[in-house]
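Structural characterization, general
So you can see what is in the structure, the chains are spelled out below.
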Amino acid sequence: LAQGQAIRGAIEDFPPSDRAVLEACQIRAIFLLPIPVNGEYWGCLGFEAIGETLKPATLYPHLLSSVEQSLLKAVASSLGSAIAQSQLCAKLANVNTQLDRQVAERTAALISANRQLSYNAYHDTLTGLPNRALLIQELEREIERIQQNPNHIFAVLFIDLDRFKSINDSLGHT
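In short, a report on the structure. (Residues numbered from 1 in each chain as written. Predicted model: local features only at pLDDT ≥ 70, side-chain atom pairs only at ≥ 80, totals over all residues. Heavy atoms only, no water.)

1. Focus on the overall build of the protein
Along the backbone of the protein there are 5 helices and 3 strands. Written out in order from the N terminus, the α and β elements of the protein read β-α-β-β-α-α-α-α. For the protein, whose C-alpha radius of gyration is 41 Å, the value lies well above the compact-globule estimate of 16 Å for 174 residues. Referenced to the eigenvectors of the C-alpha coordinate spread, the extents of the protein come out at roughly 120 × 45 × 25 Å. (Helix = DSSP H or I, 4+ residues; strand = E, 2+ residues; numbered from the N terminus. Rg over C-alpha atoms; globule rule 2.2 N^0.38 Å.)

Now the structure itself:
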């Protein structure tokens, strides 16, 4: 079977060791076809003539005609193809699951990186305080709100520190 060949015949034609197993099951004749999957032996499709009163020498030749044997070979081949397709579908589903996981992980990493970039764009890297770009953006939003709703009120507090320029010059700008 592993070599792609069918096993068939009356049990009298089998070696004594195989015959003993078959006789214990009252098998008088057998027809086994290999089921190939991707060029390898996967299993078999089997038919047996069973019974104490059967005469295999006369029954077996009529058990399966050549047309029936050809049909069963086609069935075994179709089974092998279906099994191979099922295995491929399972592998494809596994690969898709892995790809979905990788896409989710990478998407999460991109979202995190974009959040960090956005934060860095509007905050000082040394102090973490909001920077001038964020101030201008927030002022523009408030101006838009006032234009849409004249009752909206906002204020800007400007603080000037004397001699702060000398601190920046000596310690660096942030």
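2. As for the pattern of salt bridges
Where side chains of opposite charge bring their charged atoms close, a pairing between them can arise. A complete count under the given rule lists 3 salt bridges for this structure. One salt bridge connects Glu105 with Arg101, and the closest N-O pair in it is separated by 3.6 Å. Taken together, the residues Glu105 and Arg101, both in helix 3 (residues 66-122) and 4 residues apart, mark about one turn of the helix. On the basis of relative accessibility, which here comes to 46%, the residue Arg101 falls in the partly exposed class. (Salt bridge = Lys/Arg side-chain N within 4 Å of Asp/Glu carboxyl O. Buried < 20%, exposed > 50% of the residue type's maximum accessible area, 1.4 Å probe, protein only.)

3. A short note on unusual backbone geometry
In this model, Gln26 sits at a positive phi of 60°, which is unusual for a non-glycine residue. Within the fold, Gln26 resides in the loop between helix 1 (16-24) and strand 2 (27-37). Of note, Asn38 is a non-glycine position whose phi angle comes to about 55°, a positive value. Relative to the helices and strands, Asn38 resides in the loop between strand 2 and strand 3 (40-50). Accessibility expressed as a relative area gives 61% for Asn38, which makes it exposed.

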